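# Topology and contacts: notes
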Amino acid sequence: LRLQEDDFVLLSVAELTKNKNHAMMLRAMKLLDNPKIHLVCAGRGQEMENCLALQKELGLEDRVHFLGYRNDVPMLYGAADAFLFVSFREGLSLSLMEAMSSGLCAIVSPIRGNVDLIDDGVDGLYTALTPEAIAEAVTRAFDNPDLRARLGAAAKEKVQQFSLETISQQMKRLYLSM
């Protein structure tokens, strides 16, 4: 994986399953057709072979990078410009919360779990689940570094309400009120 300093890195941290929607991410990357925008996917799973085949079919070997399982995910968050998370369904996603706590602008599907964490245009961006909509949201983030910084800072602040300390205090108050 060789990136230039001015490359725009979209990060996906997710198991490679159909639910996580990597195929649609790749189709969006094809529409972007910008050599500066790279998608870096950390994770492994049953869809790896299909993803690699689609990557090759779409001619994205230079801009989509599958890293497999990683032990250095915090470093990846720190090296990325935005987080892409367009699952079909989710609970409360740990990887999304980690991205938020790293100050990344998150581009997410507006589904249960994601909408519990992200308010569109406040601390992240929603995208419809089409390659065109995803490409449009990525372009918006790519073209607006100030927007990315503002959304990432707001996300970092918001996710603190889910910290162990905050949840412990809330649980303690709840038990004491009984």
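Since the structure is predicted, the reported quantities are computational estimates derived from the model, not experimental observations.

### Observations concerning the overall build of the protein chain
From N to C terminus, the protein chain includes eight helices and six strands. In the protein chain, the succession of helices and strands from N to C terminus is β-α-β-α-β-α-β-α-β-α-β-α-α-α. Scaling as 2.2 N^0.38, a compact globule of 178 residues should have a C-alpha radius of gyration of about 16 Å, and the protein chain matches this with 17 Å. Expressed along its principal axes, the backbone C-alpha trace of the protein chain runs to roughly 60 × 35 × 30 Å. Within the protein chain, the proportion of its 178 residues that are buried is 48%. Within the protein chain, counting contacts between residues at least 6 apart in sequence, those at least 24 apart form 67% of the total. When the accessible surface of the protein chain is totalled, it reaches about 9600 Å², and 51% of it is carbon and sulfur. The averaged location of the 24 negative side-chain charges in the protein chain is 4 Å from the averaged location of its 19 positive side-chain charges.

### Considerations on the nonpolar core
Counting 32 residues, the largest nonpolar core has Leu10 and Leu39 as the members making the most contacts within it. With six residues, the top contributor of residues to this core is helix H1 (residues 22–32).

### Focus: helix H2 (residues 48–57)
If you check which residues of H2 are buried, you get Met48, Cys51, Leu54 and Gln55. All buried residues of H2 fall inside an arc of 130° around its axis, so they share one side. Seen from the open side of H2, the exposed residues pointing more than 90 degrees away from its buried face are Glu49, Lys56 and Glu57. Residues of H2 that are buried make contact with H1 and strand S3 (64–68). Count one or two residues on from H2 and you reach Gly59, which has phi positive near 70°.

Cut-offs used in this document
- Residues numbered from 1 in each chain as written.
- Predicted model: local features only at pLDDT ≥ 70, side-chain atom pairs only at ≥ 80, totals over all residues.
- Heavy atoms only, no water.
- Helix = DSSP H or I, 4+ residues; strand = E, 2+ residues; numbered from the N terminus.
- Rg over C-alpha atoms; globule rule 2.2 N^0.38 Å.
- Buried < 20%, exposed > 50% of the residue type's maximum accessible area, 1.4 Å probe, protein only.
- Contact = heavy atoms within 4.5 Å.
- Areas by Shrake-Rupley, 256 points an atom, 1.4 Å probe, with all protein chains shown as cover.
- Lys, Arg positive; Asp, Glu negative; His and termini not counted.
- Charge placed at Lys NZ, Arg CZ, Asp CG, Glu CD.
- Core = buried A, V, L, I, M, F, W, Y, C linked by side-chain atoms within 4.5 Å.
- Arc of directions from axis to C-beta.

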